[in-house]
Amino acid sequence: MSLAVAIQMDPVDKIDIEGDSSFVLGLEAQRRGHGLYHYLPQDLSLRDGRVYARMRPLALRREAGNHASLGAPQSVDLATVDVVLMRQDPPFDMAYITATHLLEHVHPETLVVNDPVHVRNAPEKLFVTHFPDLMPPTLITSDRGEIEAFRAEHRDLIVKPLFGNGGAGVFHIAPEDENLSALLELFTDLYREPIIVQRYLPAVRGGDKRIILIDGRPAGATNRVPPQGEARSNMHVGGRPEKSALDKRDLEICEAIGPALKERGLIFVGIDVIGGYMTEINVTSPTGLQEINRFDEACLEAEIWDVIEARYGAGHRTPSV
């Protein structure tokens, strides 16, 4: 079975081939004989009820500085594509949401991974609130009085934008910190949305565990350790990946959320766990495949493609670009 696979992502020439999960997903698709195409989210158009993308044939290689070749652009009706991988990075803003609305016109006849409806309905820091027993104490609000009461109760806080990503805008407000009021003023100027406040988890100094779930099942994990003097463990801000196994609490969390992920067509998901608490469910453009592969001598992208091909084969026709 050879599929036409379009990858909706950021510019492919700028990716880090040693860490990018979209890169290895594309390599695995290519290895299986699928045809690859690349386009940017802004290349989408809706015309007369049909969704088109100005896309380019794509070839990938694990060669630093020579990892991608792109062919001539062509306008393609996405109804003639078999699979679309929605892999552009957040922020989860109106442009991102609009892309999910456009892709909803072609899914599931063209299989979009992850399901665009449920990507839209599952922002990382909001979807997780449907599992309150698995989270640290959390407040989402624009009300300063609520924030002050939450601080009085929990004292040590993390404050972050509701739709941020990659650790951007994440602040640790310690009990003696006098900057909370100024920070709230800044957030009010920068964001129209409520902000999220959580009890600080000291266990983050030992790492923030990224767990990959494939079709609702845990597939592997890596621990991301923050650099000295930093409360954030995201790889974008210098977090160091370490080998990690799934413990009993991790498996309990995965068992609790797995059915909801599978039911929503969220095939590739990354959750963040600190000290036994789940802090985020990442469904937009999860990362971590290459780090886990190296530590575990695994090939998680192959497991993801096994699920995609099975899902496609169970109910999809085979058009061609």
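As a reminder, the structure under discussion sits directly above these lines.
So, how was this worked out
Residues numbered from 1 in each chain as written. Predicted model: local features only at pLDDT ≥ 70, side-chain atom pairs only at ≥ 80, totals over all residues. Heavy atoms only, no water. Axes fitted to C-alpha atoms, helices over the stretch in contact; angles between N-to-C directions. Helix = DSSP H or I, 4+ residues; strand = E, 2+ residues; numbered from the N terminus. Left-handed = near helix turned anticlockwise from the far one by under 90°. Contact = heavy atoms within 4.5 Å. Nonpolar A, V, L, I, M, F, W, Y, C, P; charged D, E, K, R; others polar. Buried < 20%, exposed > 50% of the residue type's maximum accessible area, 1.4 Å probe, protein only. Pairing = 2+ DSSP bridges. Right-handed = clockwise from strand over helix to strand, strands pointing away. Parallel < 35°, antiparallel > 145°, perpendicular 65-115°, else oblique. Salt bridge = Lys/Arg side-chain N within 4 Å of Asp/Glu carboxyl O.

Participant: Which residues make up the packing of helix H5 (residues 144–154) against helix H6 (residues 180–190), and what values do they have?
Facilitator: Where H5 meets H6, the axes come as close as 12 Å, and the angle between the chain directions of the two elements is 145°. Here the hand of the crossing between H5 and H6 comes out right-handed. Contacts between H5 and H6 involve Arg144, Ile147 and Arg151 on the former and, on the latter, Leu180, Ser181, Leu184 and Glu185. Across the contact of H5 with H6, the residue classes tally to 3 nonpolar, 1 polar and 3 charged.

Participant: Which residues make up the pairing of strand S2 (residues 35–39), and what are the values?
Facilitator: Summarising burial for S2: 4 of the 5 residues are buried, a large majority. Here strand S1 (residues 4–8) runs beside S2; their pairing, made up of 5 bridges, is parallel. The residue of S2 that forms the bridge with Gln8 is Tyr39. As for the winding sense of the linkage, the β-α-β connection from S1 through helix H1 (residues 21–31) to S2 is right-handed. With 3 bridges connecting them, S2 and strand S4 (residues 50–60) associate as antiparallel partners. What sits directly across from Tyr37, in S4, is Pro57.

Participant: Help me get a handle on the sheet that holds strand S11 (residues 171–173), residues and values and all.
Facilitator: Strand order across the open sheet formed by 4 strands is S9-S12-S10-S11, with antiparallel pairing between neighbours. Only two strands of the sheet have a single partner each, and these edge strands are strand S9 (138–141) and S11. Between one strand axis and the next, the sheet turns by 25° as a mean value, whatever way the strands run. Set on the sheet, H6 makes contact with strand S10 (157–161), S11 and strand S12 (195–199); between it and S10 the angle comes to about 15°.

Participant: Tell me about the packing of helix H8 (residues 289–296) against helix H9 (residues 300–315), residues and numbers included.
Facilitator: Following both chains from N to C, one finds H8 and H9 inclined at 120°, their axes separated by 9 Å at the closest point. When the interaxial angle is binned, H8 and H9 end up oblique. Together, Leu289, Ile292 and Asn293 of H8 and Leu300, Glu301 and Ile304 of H9 make up the contact between the two elements.

Participant: Which residues make up the pairing of strand S13 (residues 208–214), and what values do they have?
Facilitator: Residues in a regular strand project their side chains so that they alternate between the two faces of the sheet. For S13, a buried count of 7 out of 7 residues is recorded, marking the element as mostly surrounded by other parts of the structure. With burial as the criterion, each face of S13 is covered, one bearing Asp208, Arg210, Ile212 and Ile214 and the other bearing Lys209, Ile211 and Leu213. Alignment of S13 against strand S14 (residues 217–225), held across 7 bridges, turns out to be antiparallel. Counted as the bridge partner of Arg210 is Thr222 from S14. Between S13 and S14, which pair antiparallel and follow one another directly, the connecting turn spans 2 residues, one of which, Asp215, has a positive phi of 55°. By the bridge criterion, 6 bridges tie S13 to strand S16 (residues 268–274) in an arrangement that is antiparallel.

Participant: Explain the sheet that holds S14 to me, and be specific about the residues and the numbers.
Facilitator: Taken in spatial order, the 5 strands make up an open sheet running S15-S14-S13-S16-S17, and their pairing is antiparallel. Here the strands that pair on one side only, and so sit at the sheet edges, are strand S15 (240–243) and strand S17 (277–282). Taken over all neighbouring pairs, the strand axes of this sheet differ in orientation by 30° on average, direction set aside. The strands that H8 touches are S13, S14, S15 and S16; relative to S14, the one it contacts most, it runs at about 95°.

Participant: Explain the pattern of salt bridges residue by residue, including any values.
Facilitator: Under the defined criterion, the tally for this structure stands at 20 salt bridges. Between Asp272 and Arg210 there is a salt bridge whose closest N-O contact spans 2.8 Å. Of this pair, Asp272 sits in strand S16 while Arg210 is found in strand S13, placing the two residues 62 residues apart along the sequence. Of the two residues examined, Asp272 and Arg210, each falls in the buried class. The closest approach of N and O atoms between Lys243 and Asp296, which form a salt bridge, is 3.0 Å. In this pair, Lys243 is assigned in strand S15 and Asp296 in helix H8, connecting sequence segments 53 residues apart. With a relative accessible area of 55%, Lys243 lands in the exposed category. Overall, the relative accessible area of 30% leaves Asp296 in the partly exposed class. A cluster of three or more residues bridged by salt bridges with shared partners is formed by Glu28, Arg31, Arg32, Asp306 and Glu309.

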